[in-house]
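Residue-level structural notes
Okay, here's what each chain looks like letter by letter:
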Amino acid sequence: TGDGVNDAPALKRADIGIAVHGATDAAKAAADIVLTEPGLSVIIEALLRSRKIFQRMRNYAIYRIACTIELLFFFFIAVVSIRPREIYNDSNIVDAFTLPVISLVVITILNDGTIITIAHDKVIPANSPQKWDLWEVSVVSTVLGLVATISSLILLVFALQANSNDPGTFFGTLLGRKGEKYVTLDAVRTIMYLKISISDFLTVFCARTRGWFWERRPGYALATAAVFALGLSTLLANVWFFKAKTATERMEPL
C-alpha cells in the first residue's frame, strides 16, 4: 500500500499495489487497486462481495446446464421413443410426441426472464478463496438435469397410458379433466408443459445450495420471481387460450 509519490515505484513493482484513500495521482496511476474510502476495511468488503458474486455465477451455471440437459434429453427421447399413435391406437394422431412451439416460448420467457433475479440471491461468502471446479459443476448439473428428465419421462408414460382405451386407472382419474377418468393427448401436452416449466424453475433451488435446498432461504427477489413464474405457469395450464394451427400443436386446459 502507499499514498505518496515516493511509493509509486513500489506500487508499480508489487504483485498487487493498493493506493489508499487520498493518495497522489502518481500513486493511483501506479497502483492496481485504488481505495475510495479511508481505511483498509473496504478491501475485506470487496473480497466478500466478489465471493458472493462467484457463488451466484456458479449457481446460475449449474442451473443453466441442468435445464439444458433436461430439455435436450427429454425431447430427444420423447420424439425418438414415444409413439402416441400406437398408444392411443388412432391413425389420426401424430406418430411422435411434441409440444407446441408457443409453450416452449412461454417456458423460456417465464423461467429465463425471471431467473435473472439470482443476481440478488442470498448467499454466504466462503471463508477461503474460491476457484472454478469444473468437475463439481458438471456432476451436479448433470445429476439435476437427469433427475428432471427421468421424472418427466415417467410422468409422460403414465399420462399417455391413462388414455380413453383404458379409463378409470389411477392416473386417468388423477390427471383427467372433471368428469373424465382418462387423459387426452391434448391434455398430456398441457401436463408436460406444466411439469417442464415447474421443474425447470425449481432446479435453481437445488443448484444454489450444496446441501438440502431449504438450508438457506432464497433472496427476496428470487422468491418473488419464483412465485410469479410458478403461479403464472399453473394459471396458463388451467386456462390455456393459445390457438393451435395444427392438431400436433393443440393443448387443452387442465
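Structure shown above.
In this report, the structure presented in the accompanying data block is examined. None of the values given here were measured: they were computed from a predicted structure.

**What to know about the overall build of the protein chain**
Counting its regular elements, the protein chain contains nine helices and two strands. Across the 254 residues that make up the protein chain, the buried fraction comes to 38%. By sequence separation, contacts in the protein chain at least 24 residues apart represent 66% of the contacts at least 6 residues apart. When the accessible surface of the protein chain is totalled, it reaches about 14400 Å², and 65% of it is carbon and sulfur.

**Topic: the layout of surface pockets**
Estimates place the volume of the largest pocket at around 240 Å³. What lines the largest pocket is Ile16, Ile18, Ile33, Leu35, Glu37, Val42, Ile43, Glu45, Ala46, Leu47, Arg49 and Ser50. With seven residues, helix H3 (residues 41-81) is the largest single contributor of residues to the lining of the largest pocket. Split into classes, the residues belonging to the lining of the largest pocket amount to eight nonpolar, one polar and three charged.

**Comments concerning helix H8 (residues 185-207)**
For H8, built from 23 residues, the straight-helix expectation of 33 Å at 1.5 Å per residue is met to within 8% by its first-to-last C-alpha distance of 33 Å. Most of H8 sits out of view: 20 of its 23 residues are buried.

**Some thoughts on the nonpolar core**
Counting residues in hydrophobic clusters, the biggest one holds 26 residues, and the most contacted among them are Phe74, Phe97, Leu156, Val188, Met192 and Tyr193. Counting residues per element, the ones that place at least two in this core are H3, helix H5 (101-114), helix H6 (134-161), H8 and helix H9 (220-238).

**Here we look at the packing of H5 against H9**
Contact geometry for H5 and H9: axes closest at 9 Å, N-to-C directions at 170°. What the angle tells us is that H5 and H9 run roughly antiparallel. Judged by the sense of rotation from one axis to the other, the crossing of H5 with H9 is right-handed. In contact with Val106, Leu110, Asn111 and Thr114 of H5, H9 contributes Ala225, Phe228, Ala229, Leu232, Ser233 and Leu236. Among the residues making up the contact of H5 with H9, the classes are represented as seven nonpolar, three polar and no charged.

**Some points on the packing of aromatic side chains**
If you walk through the whole model with that rule in mind, you get four aromatic pairs. On the numbers, 5.1 Å between centres and 55° between planes, the contact of Phe54 with Trp132 is tilted. Linking Phe54 in helix H3 with Trp132 in the loop between H5 and H6, this pair joins segments that are 78 residues apart in sequence. Ring centres 6.3 Å apart and planes at 55° place the aromatic pair Phe201 and Phe205 in the tilted group. With Phe201 and Phe205 both in helix H8 and four residues apart, this pair spans about one turn of that helix. Taking relative accessible area as the criterion, Phe201 reaches 0% and is therefore assigned buried.

**Quick word on the side chain of Asn59**
Turning to its location among the elements, Asn59 is positioned in helix H3. Excluding residues within four positions of it along the chain, Asn59 makes contact with Ile118, Val123, Ala207, Arg208, Arg210 and Arg216.

**Brief notes about the packing of H3 against H6**
The N-to-C vectors of H3 and H6 enclose an angle of 35°; their axes lie 7 Å apart at closest approach. Between H3 and H6 the crossing geometry is right-handed. Of the residues that constitute the contact of H3 with H6, the class distribution is 15 nonpolar, five polar and three charged.

Analysis parameters
- Residues numbered from 1 in each chain as written.
- Predicted model: local features only at pLDDT ≥ 70, side-chain atom pairs only at ≥ 80, totals over all residues.
- Heavy atoms only, no water.
- Helix = DSSP H or I, 4+ residues; strand = E, 2+ residues; numbered from the N terminus.
- Buried < 20%, exposed > 50% of the residue type's maximum accessible area, 1.4 Å probe, protein only.
- Contact = heavy atoms within 4.5 Å.
- Areas by Shrake-Rupley, 256 points an atom, 1.4 Å probe, with all protein chains shown as cover.
- 1 Å grid on protein atoms, 1.4 Å probe; cavity = no way out; pocket = protein on both sides within 12 Å on 5 of 7 lines; lining within 4 Å.
- Points joined across faces, edges and corners; volume = space filled by probe spheres on them.
- Nonpolar A, V, L, I, M, F, W, Y, C, P; charged D, E, K, R; others polar.
- Expected span 1.5 Å × (residues − 1).
- Core = buried A, V, L, I, M, F, W, Y, C linked by side-chain atoms within 4.5 Å.
- Axes fitted to C-alpha atoms, helices over the stretch in contact; angles between N-to-C directions.
- Parallel < 35°, antiparallel > 145°, perpendicular 65-115°, else oblique.
- Left-handed = near helix turned anticlockwise from the far one by under 90°.
- Phe/Tyr/Trp six-rings, centres within 6.5 Å; stacked < 30°, edge-to-face > 60°.

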